[in-house]
Structures are given as structure tokens and as C-alpha cells.
2 protein chains.
Amino acid sequence: MAVSKRKRVDVRDLDSPCMIVYESIVRQNCQAMLDRCKALGVQLRPHMKTHKTVEGARLMTGGSCSCIAVSTVAEAEFYADHGFDDILYAYPIAGEKKIERVLALHQRVDNFHVMVDHCDQLALLLQNSEPVTKNLAKPWSVFIDVDVGYNRTGVNPFYDYAFGLAETIDKLRSTHLAGLYVHCGHSYHCKSPEEIRTVVKEVARDTAQFAAQLSERGIACPVVGIGSTPSCSQPPDTVPGITEFHPGNYIFYDLQQHWTGACEVSDIAVRVMTRVIGHYPDRNRLVIDCGFTAISKQHDADTSLYAKFDDHSELKLLSMSQELGIVGSSDDRPLNLDNYPIDKRLFILPYHSCAVAGLHSVYHVVDETDTCTATWKPCRGW
Amino acid sequence: MAVSKRKRVDVRDLDSPCMIVYESIVRQNCQAMLDRCKALGVQLRPHMKTHKTVEGARLMTGGSCSCIAVSTVAEAEFYADHGFDDILYAYPIAGEKKIERVLALHQRVDNFHVMVDHCDQLALLLQNSEPVTKNLAKPWSVFIDVDVGYNRTGVNPFYDYAFGLAETIDKLRSTHLAGLYVHCGHSYHCKSPEEIRTVVKEVARDTAQFAAQLSERGIACPVVGIGSTPSCSQPPDTVPGITEFHPGNYIFYDLQQHWTGACEVSDIAVRVMTRVIGHYPDRNRLVIDCGFTAISKQHDADTSLYAKFDDHSELKLLSMSQELGIVGSSDDRPLNLDNYPIDKRLFILPYHSCAVAGLHSVYHVVDETDTCTATWKPCRGW
């Protein structure tokens, strides 16, 4: 169903399944992160990967349309096309296949940054550099991907290799060391704000120490950045030595974030709207028109929960096929199916909003009167 | 990367991650199902939900471009737009929201069928019928969704309610009973062709018995259809009383199907192509550019396997974040990372091809010389 920005539609009149974004919650989440970073004295570089929209990026950057991180070349191109002038492609640069597109971004975006964790990646950058020696072009602006406990990608800041990499970037004429980038992915294992703060303190300490050691060696490293939505949502009172935060998911939050202690349920800004389409009283089941194409099968490993229902804690999404969801009782008691007539709208809080957003080609933005006031169209692909 | 039908590109030159379809395997899978149905004397009504493309539909229907099943109204509209003249919207009809679009399909497609499992759905159809009594329009062609062991949707054929529903459809002037539709979803729990055949025999027996009982009551029920890819791939030698098969996934197959006993690994026609982008020898890990946005997190419940790698049984996809896959050893032995240089292409066999296909806006079709000869663009949305 097409909804223009001018035509105002009641959310309940939208076709289902569809993804709903509550604009007032998004605005609160974005403003709270801007305020938190200001209070901590760190630059916010919001990550776009969760929503991938221009509208969301404007809110996350407080209208500056600058200083963002992205996860794909397609996103970088999308935001460059929309005038964003400071973009970190926060992905280990690799591969001959994408380097031409990355080079084009380097040339056309005022402040475009790439990320490396290995000297071989520098060779790739050098092979694709204009002749900096003749001042014909700017050097590559490079972040070092630093691994401080998550063990996905990145250099270990306690290894000599990390210092060698930084020194090489610093010395080469075609590269400039812009900063350090730490993804605190292990903060997703936390279960409370206190646990998150403990993780952030450790990450900030190790990252800042690495930056200080680089400084002692005469290597300038302007940006010392850490991020993840849990760590940037529940940081300690101070983060000495850290200059930048780069969270992403907080624009929407989700149940996974809530369960880490990053947010309250009331901070979750997205829903999948679905309708009841069948009653199966013999099995104490409802069927809804939301399958894995609308909400994904991502779920909490401990509880196997895919989702929760607004205003209906007695309901549980038990399983999904491609286009159908099977709903039962969350406590095994019989459901009074009269409470869920056919066509009744149900609003589902997702486990992982990044996964859900990736399944929808349009997000329906809803105001506090449940009126759909806009549609956001995300960038897709790689 | 745009690939026109005329420009021939080596698959290894495609950007990654991307979805690859091996055309010769697709053709074999499609022809084998056509041959199997012919030998059994049943009509094949292939389900489009897995691929949602015109090209795939042509191959599945043996070029007839008729007699298909779909899972969304968007698919029905897509195939109607492309001239398909016999379409079963194989989804429990419900809800006032979609009925206008369904009515438009009923009016413009020669043989458009809807599916019901409750009398309330008939009321919805009647409220949205043209005046059949004056011969101004055709009646709704209705399949009954019958539940024979899967327990998702459908009427129980052993309950009086099922007969009442069939009688009502038969008697009403605005509806015509086209047939029975059974989804053998429980065949996905099988572990061998023998187990599948046992399930199919039971489903076929109960479904045919219900059809025979309807016939005894004077209710004509032309089509008696059962389906699911396992059951239609490994049927018994005869299926007495069954007139139609409606499998879908077999066009591509996947590891899930292989593990049920439905197919060989060599029958799996899709891959996600990815590249090695990082080496982490300390942890005995590779990182690839395939995260959950490219292959989904769907996995086998027993083994937790997301995927397998062509030609590299020693590799295991351990975990994924949004755009990265973490690969380790399948047997905990050290990997020789020299065998997987940066930029090396790896081809991943997915657990569930329906979920993977839903994540890609284009499928790259590859011939036996590993040349990309076409791109297929699927229908999306609901």
C-alpha cells in the first residue's frame, strides 16, 4: 500500500504484515544518545546499518548529516548521494572487487574513511591510490579495527603487530591514521546495565591505553572510538581517553537490547503489524499473517523467544513458516479466542530489529495519534 | 553489479555476497518433478513461494505458464501480470484488507482459486461477490485447506465440520468447490526417503478418504491435492485418489531438504557466493563477507548447522553478524589459512533456500561453464 508523505493513514488501515516505526520514540532515542555523548564529551558517529534510511540518519546525526558509520559500500554510496560528507566504511577493507567503488567514494566524499586490521589491506589501498607524492590527491583516511574482547575482526592491541600496523599507516604518504575503531560486540552477552558498564570500562581502558602508547611512539591518532548499542546506551560516568561512540541499533532498539540491559521495553521504536487470520481452538492456537519473511527467525538462544506482543503478554509466537505465524498461550492456559477476532491487528516487538528492518522495503512511520505520516525507504544490497 | 541477459560474466567476477542459481540443476529438478507427476498420473501445480520469478515459473510449469500456487497476493498479482492463467492463492483467505485485491484477481484471471478452512471465510467471499444469480459473473473457485497431520491451518477431515464446510461451498451459488489442498509440512521432520513415503501414504490415504466421502454425499471435488517438497520428491509408487501435487522448494532444494531425504546434495541448485576477507590464525578463524543479511540465521535445530561449503568440508560457518561470517574448522583441527587467501571465493550451500532467496533482490543464473547468463528478479512484498 503506497502512502505518500501527505496522505495521512491510520496505522490500523495499513496492509499487513508491515513494519511500523514510532517516530516519537525514534526521536527520543536519537536525542538521548546525542545528549549522552555531549555529556561524556565524545563525538557521536551513529552507525546506519540498522535502518539505512536518510530520514533516520538525519535524526541520528541531530541534523548535521555528517559523521556516520556504514556497513556496506552500497550504504556509503547511498549516503554520499544524499550529501553526507563524513562517512566511515566500518568494514574490513578487502578484496579487489569492491576497491574501485571504494576509491570513487574516497575521491568524492570530503571525509571518507576506510578500516583495516592487516598490512595486506594497506597494499590494496596503495595499489589504488592516486599519486599523493605530487599532491594530486588526498591520502586514504584509515581507521584501525581493534579487537578488545569481541574476537570477530581487528588487531589485538597487546600485540606488536598492532603497533607495526599503526606505524606503517602513519609513515606512508598515501595513508593517514584517522583513528581506532572498536566494536564492543561482546556487550550483547550482558544481562544488566551494571554488566554493560563493566564491559565498557574494560574496553575503554584497553583502547585508550593503546592510543596512549601510540602517542608515546609519536603516532597521532585523533579518533579513539568504541561502540555498540549496549555500551553506548549504558556507559559509565566517564570514558577517559575515548573520543567517539559509534552505536547503531539504538535508533530502534529491540528485545535483544532490552535483555542486555541497554534499554526499556518502552524505548523499542519498531513493531511488525500483523492480523489474526485463523482460530484453532482444538490446539489452543491463533494463526497470524506474519511469517519469517516479515520478522525473521532470529530469537533469544536461552528462551527461544522470537518476539512479544504489545498489550498481550498472554500470547506467544511459537513458530513460523514463510508467511504464517503460529501463536499460543505464553503460560499454557487456554486462550479466549473471542479476544482475538479475525482481522484483529496485533503489534509485535521483535527480537532483533536489524534483521527485521532488512526484510522490509518500506517502513511506515507513525505519530502519537497512530497516524502514518511518512514512509522511509531503506538502501539495500552490498 | 548489473548483469544484462546478453553480457556474459564469469561467476567469480560477480560482487559478493550474491546468490547463485545453477540453471542446469534447476532444469533437472523441474523436469524430474514433471516426469514424476506424469508417471504417477497427477497434475503438478508448482508453488512459487521459494523463487517468485517468472523464469523459475516457466521451468516449473514445463512452459505451460498455468496451474501454479502462490503464498501472497503480491505473487498472485505478479504472475497474473505475466499471463499465468491458473493461480491458486494457497493461503487461508481472511481479512477485509486484502479482499479487494483478491476480488480483482478473481475477476481478471481465468482460473483463480482461493483457499478456506472456515465458514466465516465464505461469508467474506459472499460479501465480495458480483451477482452470480444473474449470471453476470463467475463463482469463486474454492479449495478447502485440509489438515492431515501438520497442525498448522486447515480443517480436520475426520470432523463433521469439514463436511459441513464442503457442503456449504457446494451449495452456494457464489462458490464452487474446486478441490482439497493438503500441505504435508510434517514431512520436514523425516530423516530418510522411507520415512517420507510413510508420511505420504498416510496423508494420501486420509485425504483420498475424505474426498471419497464427499463424493458419497454427492459433493463433487475435482482436485485432491497434496504437497511439500519432501513428499512430492520421494512419493510411494502410487498415490490412489490423489490428483494433484503442489511442491515448491524443489526448484532449488537445500540442506534441510537433503537431511529429510528429499534430495541429494548434488540436487541443490543455489549457493551464496562469498569471499574470504580476513585471517585470524590465533583463533583458527576465517572471516567471510556473508552475514545474516545474505544467508539468514536459519539452521538445523539438531546440529545448529547454517550451511556447508562446496569443496571445503573442513570449513564450518560458526556464527554471523549482519555482514560478516565467522568460519572455523568443522573438526576443530587447525586450518591451513594459506588454502584460503584473501579474496578467495567460497560457495555456500544454504540450510533453507526459501529464506535465502527472500534476502536477495536478484539471482545470478550460472551455466555449466560457470558463466552468468541471466539475472532473475523476484517479486517481493505481500
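Everything discussed here concerns the structure shown above.
Throughout what follows, the structure given in this document is the object of discussion. (Residues numbered from 1 in each chain as written. Chains lettered and ligands numbered in written order. Predicted model: local features only at pLDDT ≥ 70, side-chain atom pairs only at ≥ 80, totals over all residues.)

## Considerations on the packing of helix H3 (residues 73-81) of chain A against helix H4 (residues 96-108) of chain A
Residues and elements named next belong to chain A. We apply this condition: Simply put, an axis is a line fit to the C-alpha atoms, just over the touching stretch for a helix, and the angle between two N-to-C directions goes from 0 to 180 degrees. For the purposes of this entry, the term helix denotes a DSSP run of H or I that reaches at least four residues, the term strand denotes a run of E that reaches at least two, and both are numbered from the N terminus. In these notes the angle categories are as follows: under 35 degrees is roughly parallel, over 145 is roughly antiparallel, 65 to 115 is roughly perpendicular, and the rest is oblique. Here a crossing is taken to be left-handed if its near helix is turned anticlockwise relative to the far helix by less than a right angle, and right-handed if that turn runs clockwise. A pair of residues counts as a contact when their C-beta atoms, built from backbone coordinates, are separated by no more than 7 Å. Residues are grouped as follows: Ala, Val, Leu, Ile, Met, Phe, Trp, Tyr, Cys and Pro are nonpolar; Asp, Glu, Lys and Arg are charged; every other residue, Gly included, is polar.
Put simply, H3 and H4 touch, their axes get as near as 10 Å, and they point 25° apart. In this view, H3 runs roughly parallel relative to H4, as classed from their interaxial angle. In this structure, H3 meets H4 at a crossing whose hand is left-handed. For the pair formed by H3 and H4, the contact residues are Val73, Ala76, Glu77 and Ala80 on the first element and Lys98, Arg101, Val102, Leu105 and Arg108 on the second. Class assignment of the residues belonging to the contact of H3 with H4 gives a composition of five nonpolar, no polar and four charged.

## A look at the environment of Asp145 of chain B
Residues and elements named next belong to chain B. Our working definition: Think of it as a crowd count around each C-beta: if 20 or more other C-beta atoms lie within 10 Å the residue is buried, if 12 or fewer it is exposed, and in between it is partly exposed, with C-beta placed from the backbone throughout.
With respect to the helices and strands, Asp145 occurs in strand E7 (residues 140-145). With 23 C-beta atoms counted inside 10 Å, the residue Asp145 sits in the buried group. Between the C-alpha atom of Asp145 and that of Val116, which follows or precedes it by 29 residues, the distance is 5.7 Å. Those residues in contact with Asp145 that sit more than four places away from it in its chain are Pro92, Met115, Val116, Asp117, Thr153, Gly154, Val155 and Tyr181.

## Here's the deal with the sheet that holds strand E6 (residues 111-116) of chain B
All names here are of chain B. The condition that has to hold: Note: two strands are recorded as paired if DSSP finds a minimum of 2 bridges between them.
In space, the eight strands of this open sheet follow the order E3-E10-E9-E8-E7-E6-E5-E4, with parallel pairing throughout. Looking along the sheet, the strands with just one partner apiece sit at the ends: strand E3 (43-44) and strand E4 (68-70). The pairing of E3 with strand E10 (residues 244-245) spans two bridges and is parallel. Within E10, the position partnered with Gln43 by the bridge is Glu244. Contacts between helix H6 (residues 160-171) and the sheet are confined to E7 and strand E8 (175-183), with E8 contributing the most and set at about 145° to the helix.

## Some words on the interface of chain B and chain A
Counting residues at the interface gives 41 residues for chain B, matched by 42 residues for chain A. Those elements giving two or more residues to the side of chain B that touches chain A turn out to be strand E5 (86-92), helix H4 (96-108), strand E11 (270-280), helix H10 (292-295) and helix H11 (353-357) of chain B. The class makeup of the residues in the side of chain B that touches chain A is 13 nonpolar, 14 polar and 14 charged.

## Topic: the relation of the copies chain B and chain A
Here the two chain copies are tied together by a rotation about an axis and a shift along that axis. Quick note on the threshold: Only residues with pLDDT of at least 70 in both copies contribute their C-alpha atoms to the least-squares superposition of the copies.
Its rotation angle being 180°, the transformation that places chain B on chain A also includes 0.0 Å of axial translation and leaves an RMSD of 0.0 Å. One copy is carried onto the other by what is essentially a two-fold rotation axis. Comparing interface residues between copies, 100% of those in chain B also lie at the interface in chain A; the contact surface is shared.

## Some thoughts on H4 of chain A
Residue and element names in this part refer to chain A. What counts here: By arc we mean the arc of the directions from the helix axis to the C-beta atoms, nothing more.
When we look at burial in H4, the residues that qualify are Lys98, Val102, Leu105 and His106. Seen along its axis, H4 keeps its buried residues to an arc of 100°; they face one direction. Projecting away from the buried face of H4 at angles above 90 degrees are the exposed residues Glu96, Glu100, Gln107 and Arg108. Residues of H4 that are buried sit in contact with H3, strand E5 (86-92), strand E6 (111-116) and strand E7 (140-145).

This is a description of form; function is not addressed.
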